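In case you want the letters, here they are:
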Amino acid sequence: MPRIQPVELKQTDGEIRAVIEESLARWGRLTNMKRTLLHSLPAFEVLMDWYTLFDVVKKFLGERLAIIFSHAISAEGDCLICTTYMRRLLIDWGENPDELNLDEKGEAIVQFGRALARQSNRVPDDIYGNVARFFNDEQMVTLTAFAGLMVATNIINNVLEVDLDEYLYAYRKG
């Protein structure tokens, strides 16, 4: 049971209703997390910038590795919703999220993502150096900021105990 009930369209008017309608047009659905965030429009807007950074990260990682990076962060952060969302994408692409075929760069990205999500968010020099050799300074800043938003979505889901969306049930691990 969620600690805060997601906003329902029928409960809204004005700016929140407009945001909901725009979001439905963009994504086709409004997840429990997004509807929970709509209790605070500034929080919603900040965390929806995840998509802006995701588009930038995809340019230098590729979509597959960007999703794998997000999955690694969410798995380490024990976020059921975000992990299951990323699993869905990987499974729908024909991959087994528990047995990914990764090259050296992919392995470095996964280790970096997991290290970012650990308590205190300190990344050991060897893990940072291993991933930084593949990217320039601008890309490392973007990648780290994107990871910060991924961790923030994990925190929202975990602390507020947001319910897993029904469309994701079939993709849960175990």
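Described below are features of the structure shown in this document. (Residues numbered from 1 in each chain as written. Predicted model: local features only at pLDDT ≥ 70, side-chain atom pairs only at ≥ 80, totals over all residues. Heavy atoms only, no water.)

Bringing the overall build of the chain into the picture now. When helices and strands are tallied, the chain shows nine helices and zero strands. Scanning the chain from its N terminus toward the C terminus, one meets helices and strands in the order α-α-α-α-α-α-α-α-α. For 174 residues, the compact-globule estimate of 2.2 N^0.38 gives 16 Å, and the C-alpha radius of gyration of the chain, at 17 Å, lies within 12% of that figure. Within the span of the chain, comprising 174 residues, buried residues form 45% of the whole. Sequence separation of 24 or more characterises 68% of the internal contacts of the chain that already satisfy a separation of 6 or more. (Helix = DSSP H or I, 4+ residues; strand = E, 2+ residues; numbered from the N terminus. Rg over C-alpha atoms; globule rule 2.2 N^0.38 Å. Buried < 20%, exposed > 50% of the residue type's maximum accessible area, 1.4 Å probe, protein only. Contact = heavy atoms within 4.5 Å.)

For the rest of this paragraph, the subject is helix H3 (residues 41-48). Among the residues of H3, Leu41, Phe44, Leu47 and Met48 are the ones counted as buried. An end-on view of H3 places all buried positions within 135° of arc, on one side of the element. (Arc of directions from axis to C-beta.)

What follows deals with the side chain of Thr84. Following the sequence through the fold, Thr84 ends up in helix H6 (residues 80-92). Apart from the residues lying within four places of it in its own chain, the contact partners of Thr84 are Leu164, Leu168, Tyr171 and Arg172.

Turning to the pattern of salt bridges, a few remarks are in order. Between side chains of opposite charge, a pair can form when the charged atoms approach closely. A full pass over the atoms with the stated rule returns nine salt bridges. The residue Arg114 makes a salt bridge to Glu76 at a minimum N-O spacing of 2.9 Å. Here the residue Arg114 occupies a position in helix H7 (residues 104-117), and Glu76 occupies one in helix H5 (residues 63-76), the gap between them amounting to 38 residues. For Arg114, a relative accessible area of 26% translates into the label partly exposed. Judged by relative accessible area, which is 28%, Glu76 ranks as partly exposed. (Salt bridge = Lys/Arg side-chain N within 4 Å of Asp/Glu carboxyl O.)

On to the packing of aromatic side chains. Under the criterion given, the structure shown has 10 aromatic pairs. Note on Phe69 and Phe112: the rings are 6.1 Å apart at their centroids and 10° apart in plane angle, and the pair reads as stacked. Placement of the pair is Phe69 in helix H5 and Phe112 in helix H7, with a sequence separation of 43 residues. By relative accessible area, which is 0% here, Phe69 ends up buried. Considering the side-chain rings of Phe69 and Phe146, the 6.2 Å spacing of their centres and the 25° angle between planes classify their relative orientation as stacked. Of the two residues, Phe69 sits in helix H5 while Phe146 sits in helix H9 (residues 137-159), which places them 77 residues apart along the sequence. Comparing Phe69 with Phe146 shows no difference in burial state: the two are buried. (Phe/Tyr/Trp six-rings, centres within 6.5 Å; stacked < 30°, edge-to-face > 60°.)

This part covers H7. Counting along an α-helix, one turn takes 3.6 residues, and residues three or four places apart therefore face a common direction. With 14 residues, H7 should reach 20 Å at 1.5 Å per residue; the first-to-last C-alpha distance of 20 Å fits that figure. For H7, every residue scored as buried is listed here: Gly106, Ala108, Ile109, Val110, Phe112, Gly113, Ala115, Leu116 and Ala117. At its buried positions, H7 is contacted by helix H4 (50-61), H5, helix H8 (125-132) and H9. The distance from a side-chain oxygen at the start of H7 to the backbone nitrogen of Lys105 is 3.2 Å, and the residue carrying that oxygen is Asp103. (Expected span 1.5 Å × (residues − 1). Polar contact = N/O pair within 3.5 Å; in protein donor to acceptor, adjacent residues only side chain to side chain.)

Of note, Leu164 is situated in the segment after H9. Overall, the relative accessible area of 9% leaves Leu164 in the buried class. Sequence separation between Leu164 and Glu76 is 88 residues, and the spatial gap between their C-alpha atoms is 18 Å. Those residues in contact with Leu164 that sit more than four places away from it in its chain are Asn32, Leu80, Ile81, Thr84, Tyr169 and Arg172.

Let us look at unusual backbone geometry. One non-glycine residue, Asp78, lies in the positive phi region at around 55°. Assignment of secondary structure puts Asp78 in the loop between H5 and H6. Of note, Glu161 is a non-glycine position whose phi angle comes to about 50°, a positive value. Relative to the helices and strands, Glu161 is located in the segment after H9.

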